[in-house]
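An overview of the molecular structure
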Amino acid sequence: MISRRAVLTTIAGAAAAGVAPRALASSSGLAPVDLRGSIDVSKQGVTPGGGDRQSRKLNEIIATAARQKMAVFLPPGNYQVSNLELPDGARITGMAGASRLVYSGGGHLIRSDGARRIELSNIVIDGANGRLDDRSPALVHLRGVENAVIDNCEIVGSQKTALHLERSGGRIERNRVSSAAEYGLFAVESSSLSVAANTIFDCGNGGILIHRWNKGTDGTMVTGNRLYRIGATNGGTGQYGNAINLFRADNVMVAGNHISDSAFSAIRANSASNAQIVNNQCFGSGETAIYAEFAFEGAMISGNIVDGAANGISVVNFNEGGRLATIAGNVVRNLKPTGPYVLDEAIFGVGISVEADTAVTGNVIENVPLWGLALGFGPYLRNVIASGNIVRQAKVGCAVTVVEGAGNALIAGNLFDKVRDGAVIGHRWKQAATAELGRGDGTGFPHLTIEGNRIV
């Protein structure tokens, strides 16, 4: 057996001899180290603490390594640099948590335009809260990069956004992103991007933003990320403060994320068709935890846990073309009657709200201050089914619109327990307009079918 001391001695001896250590036997208990095929910047005159004058030299090393299809290796230490330009094929790596590129000011930190492939791994990218120039939206700004790989990096201290990608694809994985004044990741016009297993926190206006300039197919997958303490320093009524935000981006998957303490929504899909929002955990949202809104067609919202929010799940804006969804197997609980702003038309304290061409089935809703289910609003209701749901501890179990012009709804086979003001109550906008309808006898509203519900 190789002892830990012997392994460390071997590595130290190899380093002293100027040889990149090869991977050692797994029985040593240490992670393999293999730096063959890389250029060690310390051997090229770029050293930690060398000052900003090293920026030009480091750019030259990066360009040379890219031409030779080699990686650039940063030994541990702080490298004060700015205005790094990454050509096609640039690869920069280091020792995770120890190799630090620290922004020295005077422009931008890392930028690339039009590359086929860029890789950043195992480095800390520290903005030092320094001012970025007007052309730089983020510490790392990649534009038109076909395959961007940012893996196991730490990105901190940006006065703007941490990562900004335009018209790019690739993988953003296993990174730790924090203390960005604007957003953790802003990706616009992406092409099959993967955003996975990142930890993003303490960002001023948003966590992960998947946007498009014009509505269309995007295909990004946002999976297995952890996001918390996402603020809304710019205020507003939902433009900011969302942990994960889709805008005009179709065919996006948001799955298996753990989200807590977002100023507005944990997940907000605006004009994003065919969004799949599944198996996420959403805790302590300031406004609506999960939102599908405005001009979308197609939303699958299932298997999510919402605990703590002003509203649970909203699939709305039929007046803007929002329609076609399945909301199934979610748990929504412990909502509050107030939100982060005051508007006359605002409604808070609702478990699940829907409007058009939507099935709401198999959900459990508990401890909500207003309505457990809200079906339609005003005349905006069409082809809604609410079946097999459990609503417990609510002011009203299900509020359904009875305004003239509202379309069909089926409310069947639900269980309502401890609903103080009624199980199924017809509403004209926000005001209750009927007695109990939940027993299904003599509703007087031909657009409603109400049957087989149990009221405890």
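To be clear, the structure that these remarks concern was listed above.
Below or above, wherever it landed, is the structure these notes cover. All residue numbers refer to position in the chain's written sequence, counted from 1. At least 70 in pLDDT is required for a residue's local features to be given in this predicted model, at least 80 for side-chain atom pairs to be given and counted, and no such filter applies to totals for whole chains, interfaces and linings, which use all residues. As a convention, hydrogens and water are excluded, and side-chain values are obtained from all of the structure's heavy atoms.

**Some thoughts on helix α2 (residues 54-67)**
Elements are defined by DSSP. Helices are runs of H or I of four residues or more, strands are runs of E of two residues or more, and each kind is numbered from the N terminus. In this analysis, the expected span of each helix is defined as 1.5 Å times one less than the number of residues it contains. With 14 residues, α2 ought to run about 20 Å at 1.5 Å a step, and its terminal C-alpha atoms sit 20 Å apart, in line with that. Three exposure classes are used, based on accessible area relative to the maximum for each residue type with a 1.4 Å probe and protein chains only: buried under 20%, partly exposed in between, and exposed over 50%. When we look at burial in α2, the residues that qualify are Gln54, Ser55, Leu58, Asn59, Ile61, Ile62, Ala65 and Ala66. Angularly, the buried residues of α2 cover 165° about the axis, an arc narrow enough to put them on a single face. Pointing more than 90 degrees away from the buried face of α2 are the exposed residues Arg56 and Arg67. Its buried side turned inward, α2 meets β1 (38-40), β2 (71-74), β3 (77-81), β4 (84-85), β5 (91-94) and β6 (99-103). Phi turns positive, to about 55°, at Lys69, one or two residues after α2. Summarising the geometry, the arc corresponds to the directions from the helix axis toward the C-beta atoms. We call two residues in contact when some of their heavy atoms are within 4.5 Å.

**A short note on the side chain of Glu287**
Structurally, Glu287 can be placed in the loop between β27 (281-283) and β28 (288-293). Overall, Glu287 belongs to the buried group, its relative accessible area being 2%. Within 3.5 Å is the distance limit for a polar contact, defined as a pair of N or O atoms, with the added protein rule that one can donate a hydrogen and the other accept it, and that residues adjacent in sequence qualify only through two side-chain atoms. Side chain to side chain, Glu287 and Tyr341 meet in a polar contact 2.5 Å long. With residues up to four places along the chain from it excluded, the contact list for Glu287 reads Thr237, Ala263, Phe264, Ser265, Arg268, Ala309, Ala310, Asn311, Pro340, Tyr341 and Phe348.

**Side note on the pattern of salt bridges**
Side chains that differ in sign of charge can pair as their charged atoms come close. Salt bridge, as applied in this entry: a Lys or Arg side-chain nitrogen positioned within 4 Å of an Asp or Glu carboxyl oxygen. All told, the structure shown has 26 salt bridges when counted by the stated rule. Across the pair Asp202 and Arg229 runs a salt bridge, and its minimum N-O distance is 2.5 Å. Pair noted here: Asp202 is in strand β18 (residues 199-203) and Arg229 is in strand β21 (residues 226-230), with a separation of 27 residues, a long-range link. You can call Asp202 partly exposed: its relative accessible area is 29%. By relative accessible area, Arg229 is classed as partly exposed at 43%. Residue Arg382 is joined to Asp357 by a salt bridge in which the shortest nitrogen-to-oxygen separation is 2.6 Å. Here Arg382, found in strand β37 (residues 382-387), pairs with Asp357, found in strand β35 (residues 356-361); they are 25 residues apart in sequence, far enough to count as distant. Linked by salt bridges that have partners in common, Glu297, Arg323, Asp357 and Arg382 make up one network.

**Things to note about the pairing of strand β26 (residues 275-278)**
Only strands that DSSP links by at least two bridges are regarded as paired with each other. Pairing analysis gives three bridges linking strand β23 (residues 253-255) to β26, with the strands arranged parallel. Its bridge partner being in β26, Ala255 is matched across the sheet by Val278. Bridge analysis of β26 against strand β29 (residues 297-302) gives four bridges, and the strand direction is parallel. Its bridge partner lying in β29, Ala275 is registered against Ala299.

**Here's the deal with the nonpolar core**
Within the largest apolar cluster, 103 residues are counted, with the highest numbers of intra-cluster contacts made by Leu120 and Leu375. Among residues more than four places away in sequence, those in contact with Leu375 are Val354, Leu381, Val384, Ala386, Cys398, Ala399, Val400, Thr401 and Ile411. One finds Val350, Ala374, Ala399 and Ile425 within the second-largest nonpolar core, a separate group that totals seven residues. In this text, buried Ala, Val, Leu, Ile, Met, Phe, Trp, Tyr and Cys residues form a nonpolar core when linked through side-chain atoms within 4.5 Å.

**Regarding the layout of surface pockets**
Put simply, the largest pocket is a space of about 980 Å³. Every residue lining the largest pocket is counted, 37 residues in all, and those nearest its centre are Tyr291, Glu293, Val316, Asn317 and Tyr341. When residues of the lining of the largest pocket are traced back to their parent elements, those giving at least two are β19 (206-217), β22 (242-250), β25 (267-270), β28, β31 (311-315), β34 (352-354) and β36 (364-375). Throughout, the protein atoms alone are placed on a 1 Å grid, and a set of points is a cavity if a 1.4 Å probe fits but cannot get out or a pocket if it is open with protein on both sides within 12 Å along at least five of seven lines; lining residues have an atom within 4 Å of a point. Grid points are joined across faces, edges and corners, and a volume is the space filled by probe spheres set on the points.

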